[in-house]
Amino acid sequence: AHLTHWVGFVERQLGKLKDDKSAVKKTPGITRLLGMLGLEGEAIPKLNRDLVASVKAFLAAPAAGDDAKVLDERRDAKAHLTHWVKVEEGVAAEVAKVRKSARLALWRRVRVVACTAASAVHVTRRLETDMARVEEG
């Protein structure tokens, strides 16, 4: 049986598993994963490579009925989320660019900079760095 609510956990665990010849370490997460895969007793893989193969086989197993519908909806939702995360990253990059531009415009218009004596060196360096960027680009 392909249980829909387990798929997310199993997919996340697959990303953490090493596909090598080392022995499987029975951490709480691996123990839970083995239970979800129905691997008990002698059926428990000894090597990470075998465990990865079992996980991939579980994920490749076709879902039936309502599980298939739920999995399709889940995949669509993840694709939709991925799209909007990329859009948000693009917006964040644009905001950073506008902030930088505004900061440089402010430096150009400023006639006096008030600061403490302790921060004067830092402010002067920042002003010189920002103004050099303006001249370069």
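Anything mentioned here points back to the structure above.
About the cut-offs
- Residues numbered from 1 in each chain as written.
- Predicted model: local features only at pLDDT ≥ 70, side-chain atom pairs only at ≥ 80, totals over all residues.
- Heavy atoms only, no water.
- Helix = DSSP H or I, 4+ residues; strand = E, 2+ residues; numbered from the N terminus.
- Expected span 1.5 Å × (residues − 1).
- Buried < 20%, exposed > 50% of the residue type's maximum accessible area, 1.4 Å probe, protein only.
- Arc of directions from axis to C-beta.
- Patch = residues over 30% accessible without salt bridge, like charges linked within 9 Å, V, L, I, M, F, W, Y side chains within 5 Å.
- Areas by Shrake-Rupley, 256 points an atom, 1.4 Å probe, with all protein chains shown as cover.
- Salt bridge = Lys/Arg side-chain N within 4 Å of Asp/Glu carboxyl O.
- 1 Å grid on protein atoms, 1.4 Å probe; cavity = no way out; pocket = protein on both sides within 12 Å on 5 of 7 lines; lining within 4 Å.
- Points joined across faces, edges and corners; volume = space filled by probe spheres on them.
- Nonpolar A, V, L, I, M, F, W, Y, C, P; charged D, E, K, R; others polar.

Looking now at helix α3 (residues 48-60). Between the first and last C-alpha of α3 there are 18 Å, a value that for 13 residues agrees with the 18 Å anticipated at 1.5 Å per step. Listed as buried for α3 are N48, L51, V52, V55 and F58. Seen along its axis, α3 keeps its buried residues to an arc of 120°; they face one direction.

A few words now on the environment of W6. Here W6 is to be found in helix α1 (residues 4-16). Judged by its relative accessible area of 23%, W6 is partly exposed. It is 9.0 Å that separates the C-alpha atoms of W6 and L33, two residues lying 27 residues apart in sequence.

This part is about a nonpolar patch on the surface. Together, W84, V87, V91 and V95 line one region of the surface with nonpolar side chains, adding up to about 330 Å² of accessible area. With respect to the helices and strands, the residue W84 is situated in helix α4 (residues 65-109). Taking relative accessible area as the criterion, W84 reaches 46% and is therefore assigned partly exposed.

The next thing to look at is the layout of surface pockets. If you add up the space inside the largest pocket, you get close to 240 Å³. Lining the largest pocket are Q13, K16, L17, K18, S22, A23, V24, K25, T27, I30, N48 and L51. Contributions of two or more residues to the lining of the largest pocket are made by α1 and α3. Residues of the lining of the largest pocket, tallied by class, amount to five nonpolar, four polar and three charged.

Oppositely charged side chains may form a pair once their charged atoms are brought near each other. Taken as a whole, this structure holds four salt bridges when the rule is applied. With a closest N to O distance of 3.4 Å, R75 and D72 form a salt bridge. Of this pair, R75 and D72 both sit in helix α4, three residues apart, roughly one helical turn. What makes R75 partly exposed here is its relative accessible area of 48%. The class of D72 is partly exposed, set by a relative accessible area of 44%. K97 serves as the salt-bridge partner of E94, at 3.9 Å between the closest nitrogen and oxygen. With E94 and K97 both in helix α4, this residue pair falls three residues apart, about one helical turn. A relative accessible area of 43% means that E94 is categorised as partly exposed. Residues participating in the shared-partner salt-bridge network are E11, R74 and K78.

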